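Next come the chains, spelled out residue by residue.
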Amino acid sequence: MRKLLSLVVVATLGASLVACGSGSKKNEFDAAGVKVTSDFGQKPTITHRQGDPEKQLVTEVLKEGDGPVVKKGELLTANYLGQIWRDGKVFDNSYDRGAPSSFPIGVGGVISGWDEGLVGKKIGSRVLLSIPSDKGYKSAGNSQAGIKGDDTLIFVVDLVGAAANDTPLNGAPVTPSSPTKVSVTGPLNAEPKVTVAPGTKPPAKPGKPIVFALGKGKPIEKSSQLIGRYVVYDYTGKKQASTWDPQPATAQSAAQPAAPTDQLQVGPGPNGQTGALDGLAGVPIGSRVLVELPASKDQAGKTVNAFAVIDILNAFPAPKQTGQ
């Protein structure tokens, strides 16, 4: 979904319009001229009135949640269904994959209709968006999805969760679960301070995760996709990577703000794949853990031994393979 919504980064800002419906079917359709069936968390069915859609962005909360308000720059996790007004084609949805999708919101990482329409809504809400082309894929459209340059798009979005780099972990510091020469300190809503004792050598092979803060959430299940933050160090004490640091633009991708990530997979994968984070199965959500990583090669071909300190903010079932 992020790839689909990120094909066009719209810089023009506009105001969301919550308008009254018009015409003889006012009692059947809502403000956007749209009717939605099914409840929060269930795949919706969308129908709309005859004729042209609204020319402005229309945002309507179909069911208001009781969670925190979504803020600009957070990593938003949501289920969604997108449909073209012109022909009623459903061009993408997360419900069939069995898992929500996550993306940075309010910072140009998705189409502007999403940025404008979802910031400020409460987690747990079901939101309807009617998005004109100038706040969607503009004149270029999206031929892969069957979207023309003048198409209005209808989205139903269920807001599942949101996280930022300063979101507190729902956990408490504990004595490390295994002896280690690595010190991990600091508050649970900020980048941890990591110190490696001089002379520390990497393990012959990665061991079990070491828990530094024990979460109060449910245990992570196998085949999960995590929402989390991390910092990676080598055993000389040099930082290699961090989600607390913004990522510069590359030839393959635009610059990314510092934010949590959803690219943390606990196996097995759909084809039985295993990975470095598989040992996190059974660790409670809300934990801060140290994970020893397999040796890798840097760009110069030199072997790098490293570990990651990960804040586990949430977990969801990994998406099913749909063949798309």
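Calculation rules
Residues numbered from 1 in each chain as written. Predicted model: local features only at pLDDT ≥ 70, side-chain atom pairs only at ≥ 80, totals over all residues. Heavy atoms only, no water. Helix = DSSP H or I, 4+ residues; strand = E, 2+ residues; numbered from the N terminus. Rg over C-alpha atoms; globule rule 2.2 N^0.38 Å. Buried < 20%, exposed > 50% of the residue type's maximum accessible area, 1.4 Å probe, protein only. Contact = heavy atoms within 4.5 Å. Areas by Shrake-Rupley, 256 points an atom, 1.4 Å probe, with all protein chains shown as cover. Lys, Arg positive; Asp, Glu negative; His and termini not counted. Charge placed at Lys NZ, Arg CZ, Asp CG, Glu CD. Core = buried A, V, L, I, M, F, W, Y, C linked by side-chain atoms within 4.5 Å. Pairing = 2+ DSSP bridges. Salt bridge = Lys/Arg side-chain N within 4 Å of Asp/Glu carboxyl O. Phe/Tyr/Trp six-rings, centres within 6.5 Å; stacked < 30°, edge-to-face > 60°.

Colleague: Before we move on, can you summarise the overall build of the protein with the specific residues and values?
Modeller: Helix and strand content of the protein: 2 helices and 19 strands. Expected size for 324 residues packed as a compact globule is a radius of gyration near 20 Å; at 22 Å, the protein falls within 12% of this value. Each principal axis of the C-alpha atoms in the protein carries an extent, and together these give about 75 × 40 × 35 Å. Per-residue burial for the protein yields a buried fraction of 48% across its 324 residues. Pairs at least 24 apart in sequence give 72% of the contacts found in the protein among residues at least 6 apart. Within the structure as shown, the protein displays about 16100 Å² of accessible surface, and the carbon and sulfur contribution to it stands at 52%. Separation of charge centres in the protein, based on 35 positive and 28 negative side chains, amounts to 6 Å.

Colleague: Give me the nonpolar core: which residues, what numbers.
Modeller: Counting residues in each nonpolar core, the largest one holds 24 residues, and the members touching the most others are W114, L118, F155, V157 and L159. Elements represented by at least two residues in this core include exactly β4 (75–84), α2 (112–118), β7 (126–131) and β8 (153–163). I220, I285, V304 and I312 belong to the second-largest nonpolar core, a separate cluster that totals 18 residues.

Colleague: Tell me about the pairing of strand β13 (residues 224–234), and name the residues and values.
Modeller: Counting buried positions along β13 yields 10 of 11 residues, so the element is predominantly enclosed. Across 11 bridges, the pairing between β13 and strand β19 (residues 306–317) is antiparallel. Within the sheet, the bridge partner assigned to Q225 lies in β19 and is F316. Across 3 bridges, β13 lies against strand β14 (residues 239–242) in antiparallel orientation. For V231, the partnering residue across the bridge sits in β14 and is S242. Here β13 hands over to β14 after 4 residues, with G237 in that stretch at a positive phi of 90 degrees.

Colleague: Describe the pattern of salt bridges, with residues and values.
Modeller: Under the criterion given, the structure shown has 11 salt bridges. The salt bridge involving E54 is made with R49; its shortest N-O contact spans 3.6 Å. Summarising the burial analysis for this pair, E54 and R49 share the class buried. Beyond isolated ion pairs, a larger network of salt bridges with shared partners links R86, D87 and D151.

Colleague: Go over the packing of aromatic side chains, please, and point to the residues and values.
Modeller: Any two aromatic rings considered together are summarised by their centre-to-centre distance and by the angle between their planes. Under the definition given, this model contains 6 aromatic pairs. With centroids separated by 5.7 Å and ring planes inclined at 90 degrees, the aromatic side chains of F91 and F155 adopt a geometry described as edge-to-face. Of this pair, F91 sits in strand β5 (residues 90–93) while F155 sits in strand β8, and the two are 64 residues apart along the sequence. Comparing F91 with F155, the two get one shared label, buried. The interplanar angle of 75 degrees and the centroid separation of 5.1 Å between the aromatic rings of F103 and W114 together place this pair among those described as edge-to-face. Here W114 lies in helix α2 and F103 lies in strand β6 (residues 101–104), a separation of 11 residues in the sequence. With respect to class, F103 is no different from W114; both count as buried.

Colleague: So what's going on with the environment of T274? Which residues, and what values?
Modeller: Turning to its location among the elements, T274 is positioned in the loop between β15 (261–266) and β16 (288–292). Taking the C-alpha atoms as reference points, T274 and S223, 51 residues apart in sequence, are found 9.7 Å from one another.

Colleague: Could you give an account of the environment of P192, with specific residues and numbers?
Modeller: As for its placement among the helices and strands, P192 is situated in the loop between β10 (182–185) and β11 (193–196). Classification of P192 by relative accessible area gives buried; the value is 3%. Placed 49 residues apart in sequence, P192 and A241 show a C-alpha to C-alpha distance of 13 Å. For P192, the contacting residues outside a window of four places in its chain are V184, T185, V231, W244, R288 and V309.

Colleague: Give a detailed account of unusual backbone geometry, specifying residues and quantitative values.
Modeller: Across the junction of G267 and P268, the peptide omega takes the value 5 degrees, indicating a cis bond. Turning to its location among the elements, P268 is positioned in the loop between β15 and β16. Its identity as a non-glycine residue notwithstanding, S38 has a phi of 90 degrees, on the positive side. Assignment of secondary structure puts S38 in the loop between β1 (34–37) and β2 (45–48).

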